[in-house]
Amino acid sequence: MRIAIIGTGYVGLVTGTCLADFGLSVTCVDQDEQKINLLNSGGVPIYEPNLEDLIQKNVFAGRLTFTTALEKAVKESKVIFIAVGTPPNDDGSADLKQIETVAQQIAYHLNEYKVIVNKSTVPIGTAAKIKEIINEYQTLSHPSSVISDSSSVIPAKAGIHPSSPSSLRGEHTQNFLPLQGGRIKVGVKHPFDVVSNPEFLREGSAVYDFTHPDKIVIGTDSDRALKIMQEIYRPLYLINTPFVITNPETAELIKYACNSFLATKITFINEIANLCDKVGADVHQISKAMGLDGRISPKFLHPGPGYGGSCFPKDARALCHIAENFGYEFKSLKAVVLANNRQREMMVEKITHLLKDLKGKTIGILGLAFKQNTDDIRESSSIDIIKMLLQEGAKVKCFDPLAMKNAKKILPDITYCENEYDTALGSDALIIATEWNQFRNLDLNKIKKLLKNPIFIDLRNLYEPSQVKALGFIYEGVGRR
Ligand code: NAD
């Protein structure tokens, strides 16, 4: 079976590569020419453990290709996955422009029955919207075939093609407002189904997660599409992966419910940790005890500087917004969003409290990525904390094993170091901001000699407070001292 993946980012590239490894023929499409050229020359635009090897293996086997040519990929494929971005708008709602554009592009090139699978995280009703867009656009000729006879094309302001979906009125239609000489109705309608198949992989273990998922969620009203989806995921049946088969709206909400619940769990333990700081309790013991309760589970009970990344922050905000659109105020989730923002500020307060005044102080930061094993710095708490420290007049030196290249684009004026020890050298305090494994076994005696003041602030609770203090450090974690 031939598959096209539109959008070759974290999700699209991992999905495409892993499906190719399942034995399917996969074409990964992206509009970013640089990304596709890099992939075609053997490079990999993101870091994910084992991804590079898997790409090489499947490209070599002839099952995985990369292209910017969406039309060809759509025409040749039976199943088209959409894996483009759904970034947040200023009001927290999900921006669906990329999804709408891709749906429109797919519509132009439908040439037989196809299954369109949405893997992006999208508001409830988006599968229906994709269906509506494809239905309406697939009978229109492609804009490139517009006859540029100015006498027969009415000015853009004068009207909108009656069959243009309201969501796409405006810029998409202005260049090809049709009368007799403009875009024409071609009248051919091919059947298709839209499936919602949200993705639950975690950056930093994306290949493993895709190939060993806790669940596969398939939202569809079509038996025909369901059979094709089951065929695609057949290798996962063999390892007894549970499948949740439901309607598209439920599948869409499942994704937001999972991410928002995890964001809530993290925020809850962060607030317990903040309380521990006030009352002198130890959050590690509390997490352990809570995790031993079978109803709670030990995962996502690690306190820290607040959740970040490309998913939890935007998905929690988007779900608040979705609820509002349906006339419901999601009070607990709104509180989570506020508490998570405050968590970063509380970390800066912690640093300020230990250093007295930040002005002119040099702070060494270990970790820029929003979590370990990724180069992704989107909504990273470390980056937000650095920005606040700079605002308070501090100087920042930092080190991250993978994320410095990305960080330099948004924080060009801080000092990037070779390693952990270079970061400690001459700093007034050392702060662990990301839980990289290599930060877990630092030579603390060496660090102490390199620091101006022996202040060690462990925002990921990687160290045992008593052991660090025994070496003569002033130590503070999150919810434990
Ligand atoms: P990304 O920004 O890394 O990748 C999106 C890609 O789509 C980019 O390479 C972009 O160039 C491409 N693109 C946009 N418009 C296009 C078009 N018209 N034609 C071809 N390519 C186009 O995004 P991501 O992190 O992979 O996330 C994709 C979706 O998956 C989002 O909805 C996200 O919420 C969801 N998701 C992400 C993760 C994650 O960990 N990153 C996990 C689960 C779900």
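Remember, predicted model here, so these are calculated numbers, not experimental data.

1. Considerations on the overall build of the chain
Now for step 1: Across its full length, the chain holds 19 helices and 14 strands.
Now for step 2: Taking 2.2 N^0.38 as the reference for a compact globule, 481 residues should give roughly 23 Å; the C-alpha atoms of the chain span a radius of gyration of 25 Å, in line with that estimate.
Now for step 3: When the backbone C-alpha atoms are referred to their principal axes, the chain occupies close to 80 × 55 × 50 Å.
Now for step 4: For the chain, the residues scored as buried account for 54% of the 481 residues in total.
Now for step 5: Considering only intrachain contacts with a sequence separation of at least 6, the fraction spanning at least 24 residues in the chain is 74%.
Now for step 6: Surface accessibility of the chain: about 21800 Å² in total, with carbon and sulfur atoms responsible for 52%.
Now for step 7: Distance between charge centres in the chain, computed from 55 positive and 54 negative side chains, equals 2 Å.

2. Describing the site of the ligand
Now for step 1: Near the ligand you find 27 residues, and of these Asp30, Lys35, Thr86, Glu203 and Lys314 are the closest.
Now for step 2: In this structure, an oxygen atom belonging to the ligand sits 2.8 Å away from a main-chain N or O atom of Val11.
Now for step 3: The separation between an oxygen atom of the ligand and a polar side-chain atom of Lys35 is 2.6 Å.
Now for step 4: If the ligand stood free it would expose 830 Å²; the protein chains cover 91% of that surface.
Now for step 5: Only α1 (10-21) and α5 (97-108) provide two or more residues apiece to the shell around the ligand.
Now for step 6: Examining the composition of the shell around the ligand, we find that three residues originate from one element, α5, more than from any other.
Now for step 7: Within the shell around the ligand, the residues separate by chemical class into eight nonpolar, 11 polar and eight charged.

3. Section: the nonpolar core
Now for step 1: Counting 57 residues, the largest nonpolar core has Leu389 and Phe456 as the members making the most contacts within it.
Now for step 2: Discounting chain neighbours no more than four positions away, the residues touching Phe456 are Leu430, Ile432, Leu442, Leu444, Tyr463, Val468, Phe473, Ile474, Tyr475 and Glu476.
Now for step 3: The next biggest cluster of nonpolar side chains, apart from the first, holds 40 residues, and it includes Tyr10, Leu51, Ala206 and Ile228.

4. Concerning the pairing of strand β9 (residues 362-366)
Now for step 1: Most of β9 is tucked away: five of the five residues are buried.
Now for step 2: Here β9 shows two buried faces, one formed by Thr362, Gly364 and Leu366 and the other by Ile363 and Ile365.
Now for step 3: Summarising the sheet, β9 and strand β10 (residues 395-399) pair through five bridges and their orientation is parallel. Looking at the pairing, Leu366 lines up with Phe399 of β10.
Now for step 4: As for the winding sense of the linkage, the β-α-β connection from β9 through helix α15 (residues 381-391) to β10 is right-handed.
Now for step 5: Here four bridges tie β9 to strand β12 (residues 429-432), and the two strands are oriented parallel to one another. Bridged to Gly364 within β12 is Leu430.

5. Notes on the packing of helix α13 (residues 312-325) against helix α14 (residues 331-355)
Now for step 1: At a closest axis distance of 9 Å, the pairing of α13 and α14 adopts a crossing angle of 150°. Handedness of the crossing formed by α13 with α14: left-handed. Facing Ala316, Arg317, Leu319, Cys320 and Glu324 of α13, the residues of α14 in contact are Leu333, Lys334 and Val337.

6. Some thoughts on the pattern of salt bridges
For side chains bearing opposite charge, pairing can occur when the charged atoms are close.
Now for step 1: One pass over the full model with this rule turns up 23 salt bridges.
Now for step 2: As a salt-bridge pair, Asp282 and Arg480 come within 3.2 Å of each other at their nearest N and O atoms. Of this pair, Asp282 sits in the loop between α11 (248-279) and α12 (283-292) while Arg480 sits in the segment after β14 (474-476), and the two are 198 residues apart along the sequence.
Now for step 3: On the basis of relative accessibility, which here comes to 4%, the residue Arg480 falls in the buried class.
Now for step 4: Here Glu435 ties to Arg460 by a salt bridge, and the two come within 3.6 Å at their closest N and O atoms. Highlighted residues: Glu435 in the loop between β12 and α18 (444-450) and Arg460 in the loop between β13 (455-458) and α19 (465-470), separated in sequence by 25 residues.

7. Observations concerning the packing of α5 against helix α6 (residues 126-137)
Now for step 1: Contact geometry of α5 with α6 gives a least axis separation of 8 Å together with a crossing angle of 40°. Classified by the interaxial angle, the pair formed by α5 and α6 is oblique. In this structure, α5 meets α6 at a crossing whose hand is right-handed. Note on element contacts: α6 touches α5 through Thr126, Lys129, Ile130, Ile133, Ile134 and Tyr137, opposite Ile99, Glu100, Ala103, Gln104, Ile106, Ala107 and Tyr108.
Now for step 2: When the residues that make up the contact of α5 with α6 are grouped by side-chain class, the tally is nine nonpolar, two polar and two charged.

8. Structural notes on the side chain of Lys397
Now for step 1: Looking at where Lys397 falls in the secondary structure, it is placed in strand β10.
Now for step 2: The buried charged residue Lys397 lacks any salt bridge partner; its closest oppositely charged side chain belongs to Asp422, at an N-O distance of 4.4 Å.
Now for step 3: Polar side-chain contacts of Lys397 include one of 2.8 Å to the backbone oxygen of Asp422.
Now for step 4: Dropping the residues within four chain positions of it, Lys397 is found in contact with Thr362, Ile363, Gly364, Ile365, Thr415, Cys417, Asp422, Thr423, Leu425 and Ser427.

Reading the values: rules and limits
- Residues numbered from 1 in each chain as written.
- Predicted model: local features only at pLDDT ≥ 70, side-chain atom pairs only at ≥ 80, totals over all residues.
- Heavy atoms only, no water.
- Helix = DSSP H or I, 4+ residues; strand = E, 2+ residues; numbered from the N terminus.
- Rg over C-alpha atoms; globule rule 2.2 N^0.38 Å.
- Buried < 20%, exposed > 50% of the residue type's maximum accessible area, 1.4 Å probe, protein only.
- Contact = heavy atoms within 4.5 Å.
- Areas by Shrake-Rupley, 256 points an atom, 1.4 Å probe, with all protein chains shown as cover.
- Lys, Arg positive; Asp, Glu negative; His and termini not counted.
- Charge placed at Lys NZ, Arg CZ, Asp CG, Glu CD.
- Near = heavy atom within 4 Å.
- Polar contact = N/O pair within 3.5 Å; in protein donor to acceptor, adjacent residues only side chain to side chain.
- Nonpolar A, V, L, I, M, F, W, Y, C, P; charged D, E, K, R; others polar.
- Core = buried A, V, L, I, M, F, W, Y, C linked by side-chain atoms within 4.5 Å.
- Pairing = 2+ DSSP bridges.
- Right-handed = clockwise from strand over helix to strand, strands pointing away.
- Axes fitted to C-alpha atoms, helices over the stretch in contact; angles between N-to-C directions.
- Left-handed = near helix turned anticlockwise from the far one by under 90°.
- Salt bridge = Lys/Arg side-chain N within 4 Å of Asp/Glu carboxyl O.
- Parallel < 35°, antiparallel > 145°, perpendicular 65-115°, else oblique.

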